[in-house]
Amino acid sequence: MNDRLRYMGYLRTNNLWDGQRFGLNQYFIKGVNNIELTIKNKKLRLGHLVEQFIFDLLEQDKNIQIIGTNIQIIQDKKTIGELDCLISDKGKQIHLELVYKFYLYDTNIPGNEIDKWIGPNRNDSLKQKLAKLKSKQMPLLFHPKSNEIINHFGYNTASFDQKVHFKAQLFIPLGQSEQIITEVNSACICGFYITRQELALFKQNEFFLPSKLDWLIHPHSDVLWLSHSECLAVIEIELNQSRSPLCWMKDPKGNITKLFVVFW
């Protein structure tokens, strides 16, 4: 059941932008609610689980032929990178890189809006990801070893367009207006984030801490809710290990919100 809910959460997540932006072309994948999922490995990491959802969607689209997925490029017995997906869409060849991220908007970071989007644990950022896509992941298609593999598939590197399928859940500071977001799709905003001190503002609420894979899921009421004090005890452990947990929060009226509690 959780895989289905996770898949629906992926579907509900918006593309970070439409069309061409940041020197990258966004590829739109049409969502299908009643798709047949083929998740066999129950220990997938979140990013790989999302990839499997996408591969299932592509596999069941009659207009699309999958040429190859997760193609490792190896030179001198060393893996130098991986091509996420090669497809033929109505006869048009596309190299597709897949990205699903959680970013928080830190107003204390200097620079423009793109500079301020960081991962919840501050070990990645939107700026870094965009740079990696443009400087490493997309150019990998044109590496001689990539060309050898693509020739083996019966295609030529030069025939491929390059696109990304980049979805994200975005979180802004407590009390911040969504109108500050103009450079990316504000429809990606899923909630807010707070500090450990600000958690005290919500003592009358109940909480649920989903597992990492369940971060994908759109919040619902059918879970085992914790009191504020019970939740705080669990959150303290995460914060003390420099991890920012994701929570669902339910107010006394039954309204449910998605939020991060940050250690920083």
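Rules used throughout
Residues numbered from 1 in each chain as written. Predicted model: local features only at pLDDT ≥ 70, side-chain atom pairs only at ≥ 80, totals over all residues. Heavy atoms only, no water. Helix = DSSP H or I, 4+ residues; strand = E, 2+ residues; numbered from the N terminus. Contact = heavy atoms within 4.5 Å. Buried < 20%, exposed > 50% of the residue type's maximum accessible area, 1.4 Å probe, protein only. Pairing = 2+ DSSP bridges. Polar contact = N/O pair within 3.5 Å; in protein donor to acceptor, adjacent residues only side chain to side chain. Salt bridge = Lys/Arg side-chain N within 4 Å of Asp/Glu carboxyl O.

K.L.:
Looking at this structure, I do not really get the environment of Met-249. What am I missing?
P.N.:
Relative to the assigned elements, Met-249 resides in strand β10 (residues 246–250). As a C-alpha pair, Met-249 and Pro-219 span 30 residues in sequence and 8.8 Å in three-dimensional space. Met-249 has contacts with Phe-192, Phe-202, Asn-205, Glu-206, Phe-207, Trp-225, Asn-255, Ile-256, Thr-257 and Leu-259, leaving out every residue within four places of it along the chain.

K.L.:
Before we go on, may I ask you to explain unusual backbone geometry in this structure?
P.N.:
Trans peptide bonds make up most of the peptide bonds, and negative phi angles are found at most residues other than glycine. With a phi close to 65°, Arg-122 is a non-glycine residue in the positive phi region. Structurally, Arg-122 is set in the loop between β6 (117–118) and α3 (126–137). Even without being glycine, Ser-242 reaches a positive phi, approximately 55°. Along the chain, Ser-242 falls in the loop between α5 (228–240) and β10.

K.L.:
Is there a simple way to explain the pairing of strand β5 (residues 92–105) in this structure?
P.N.:
Walk down a regular strand and you will see the side chains alternate between the two sheet faces. With 12 of its 14 residues buried, β5 lies for the most part within the structure. Between strand β4 (residues 78–89) and β5, which follow one another and run antiparallel, lie two residues, and Lys-90 among them has a positive phi close to 55°. As judged from the two bridges shared by β5 and β6, these two strands associate in the antiparallel manner. Note that in β6 the partner of Tyr-105 across the bridge is Trp-117.

K.L.:
It is not clear to me how the environment of His-165 should be interpreted in this structure. Could you clarify?
P.N.:
The topology assignment puts His-165 in strand β7 (residues 161–173). The exposure class assigned to His-165 is buried, which follows from its relative accessible area of 1%. A sequence separation of 114 residues divides His-165 from Glu-51, and the C-alpha atoms of the two residues are 10 Å apart. Residues within four places of His-165 in sequence aside, it is in contact with Tyr-10, Asn-15, Gln-26, Tyr-27, Ile-29, Ile-54, Leu-96, Glu-97, Leu-98 and Val-99. In terms of polar contacts, His-165 uses its side chain to reach the side chain of Tyr-10, at 2.8 Å.

K.L.:
Help me understand the side chain of His-228 in this model?
P.N.:
The residue His-228 is located in helix α5 in this model. We classify His-228 as buried; its relative accessible area is 10%. A polar contact is formed between the side chain of His-228 and the backbone oxygen of Leu-199, at a distance of 3.0 Å. Those residues within four positions of His-228 in sequence are excluded, and the remaining contacts are Leu-199, Ala-200, Phe-202, Lys-203, Asn-205 and Phe-207.

K.L.:
What is the right way to read the pattern of salt bridges from this model?
P.N.:
Oppositely charged side chains can pair when the atoms bearing their charge come close. The tally for this structure, following the rule as stated, stands at 11 salt bridges. Between Asp-214 and Arg-6 there is a salt bridge; the shortest N-O distance is 2.7 Å. Linking Asp-214 in the loop between β9 (206–208) and α5 with Arg-6 in helix α1 (residues 2–12), this pair joins segments that are 208 residues apart in sequence. Comparing Asp-214 with Arg-6 shows no difference in burial state: the two are buried. Between Arg-21 and Glu-183 there is a salt bridge; the shortest N-O distance is 3.1 Å. With Arg-21 in strand β1 (residues 20–21) and Glu-183 in the loop between β7 and β8 (189–195), the pair connects residues that are 162 residues apart, well separated along the chain. Here Arg-21 falls in the partly exposed class, since its relative accessible area comes to 30%. According to the relative accessible area criterion, Glu-183 is partly exposed, its value standing at 33%. Ionic contacts of the salt-bridge type, sharing partners, join the residues Asp-3, Arg-6 and Asp-214 into one network.

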